[in-house]
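# Reading the structure
Listed below, chain by chain, are the residues.
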Amino acid sequence: NVSESGRDVLVLEDLSIGYDRTILQGIHLVLRYGDRAVLVGPNGCGKTTLLRTIMGEIPPLAGKCRLGASVIPGYLTQEQEYITPGFTALSFFQQKVNLNETESRAFLHKYLFNGDEVFTPIENLSFGQRSRLSLACLVAQGCNLLLFDEPLNHLDIASRFQFEKSLSTFEGSTLTVVHDRYFIKNYANRLLKINEDGLIQDWDC
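Residues numbered from 1 in each chain as written. Predicted model: local features only at pLDDT ≥ 70, side-chain atom pairs only at ≥ 80, totals over all residues. Heavy atoms only, no water.

With that settled, the discussion passes to the environment of glycine 68. Its place among the elements puts glycine 68 in the loop between β4 (62-67) and β5 (73-76). Owing to a relative accessible area of 12%, glycine 68 belongs among the buried residues under this scheme. On a C-alpha basis, the gap between glycine 68 and valine 11 in space is 7.5 Å, while along the polypeptide they are 57 residues apart. Excluding its chain neighbours within four sequence positions, the residues that come into contact with glycine 68 are Asp8, Val9 and Leu10. (Helix = DSSP H or I, 4+ residues; strand = E, 2+ residues; numbered from the N terminus. Buried < 20%, exposed > 50% of the residue type's maximum accessible area, 1.4 Å probe, protein only. Contact = heavy atoms within 4.5 Å.)

Structure below.
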């Protein structure tokens, strides 16, 4: 029915992805509003390529990759190369989002930037703080489908906990490439596993 299909955030139909050659093919997947899906699989099997295809950075080789109505995707890459020096956490945030200083500080507080931490130069932020700042920017920009590529990679235990705490308030949908069993157990409601045949198996968590 219409109301159900309107809640489809991402629809992949017989999708083939890759660059000069096919890495994965025959992908069928529907992500619905509020899904917290985790994507796992061996190195080099196409996980990052799939995220980049969903974001429109790489064209599909075959099939369809369609975002639902009113879906605004946001992408948190492994390398954090979008974080540019020369800003404080606050000025970087305000450059991305049209909020005044009071509103911006209140928003960043929800992402565990307390007091004068917002004036920390970007180059002095920890990986965990950068991840939370990036997450805050995406949410404030209205992104309601978040794609994460190994967001916990460079984070210590405390930073992982803080990142998960920040993410827990997000009400949209997420697709996360991650191998951390604790994160999967605590956060995910769907587990998508790329097996050795290149097929995606789908389980509810």
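What follows covers the confidence of the model for the protein chain. In the predicted model, the protein chain carries a mean pLDDT of 89, and 95% of its residues have values of at least 70. Segment residues 1-5: pLDDT under 50, and 1 contact once partners within four positions in sequence are set aside and those in other chains are kept. (pLDDT = per-residue confidence, 0-100.)

Right, let's talk about the pattern of salt bridges for a bit. Under the definition given, this model contains 7 salt bridges. In this structure, arginine 52 and glutamate 57 form a salt bridge, with 2.8 Å as the shortest nitrogen-oxygen distance. Residue glutamate 101 pairs with arginine 105 through a salt bridge whose shortest N-O separation is 3.8 Å. With glutamate 101 and arginine 105 both in helix α4 (residues 101-110) and 4 residues apart, this pair spans about one turn of that helix. Here the salt bridges do not stand alone but share partners, grouping Asp35, Arg190 and Asp202 into one network. (Salt bridge = Lys/Arg side-chain N within 4 Å of Asp/Glu carboxyl O.)

Before going further, it helps to examine the environment of leucine 39. By secondary structure assignment, the location of leucine 39 is in strand β3 (residues 36-40). As a C-alpha pair, leucine 39 and glutamine 201 span 162 residues in sequence and 9.8 Å in three-dimensional space. Setting aside its immediate chain neighbours within four residues, leucine 39 contacts Lys47, Leu50, Leu175, Thr176, Val177, Val178, Leu192 and Ile194.

Looking now at the packing of helix α3 (residues 89-96) against helix α5 (residues 127-140). The packing of two helices is summarised by the inter-axis angle and the distance between the axes. Close contact between α3 and α5 brings their axes to 10 Å; oriented N to C, the two are set at 25°. Of the possible angle classes, the one that applies to α3 and α5 is roughly parallel. The hand of the α3/α5 crossing is right-handed. Residues Ala89, Phe92, Phe93 and Lys96 of α3 form the contact with α5, whose participating residues are Leu133, Ala136, Cys137 and Ala140. Per-class residue counts for the contact of α3 with α5 are 7 nonpolar, no polar and 1 charged. (Axes fitted to C-alpha atoms, helices over the stretch in contact; angles between N-to-C directions. Parallel < 35°, antiparallel > 145°, perpendicular 65-115°, else oblique. Left-handed = near helix turned anticlockwise from the far one by under 90°. Nonpolar A, V, L, I, M, F, W, Y, C, P; charged D, E, K, R; others polar.)

Residues Leu133 and Leu167 are the most contacted members of the largest nonpolar core, which totals 35 residues. Ranked by the residues each element gives to this core, the list is headed by α5, at 5 residues. Filtering out sequence-adjacent residues up to four positions away, leucine 133 remains in contact with Ile83, Ala89, Phe92, Phe93, Leu108, Phe113, Ile122 and Leu125. Formed by 23 residues, the second largest nonpolar core is a distinct cluster that contains Ile27, Leu39, Leu145 and Val177. (Core = buried A, V, L, I, M, F, W, Y, C linked by side-chain atoms within 4.5 Å.)

Before going further, it helps to examine the pairing of strand β8 (residues 190-194). With respect to burial, β8 is a largely interior element, 4 of its 5 residues being buried. Two strands pair when backbone bridges link them, and β8 and strand β9 (residues 200-204) are joined in this way by 5 bridges, in the antiparallel orientation. Pairing of lysine 193 across the sheet is with glutamine 201, part of β9. The turn linking β8 back onto β9 is made up of 5 residues, and glycine 198 within it adopts a positive phi angle of 80°. (Pairing = 2+ DSSP bridges.)

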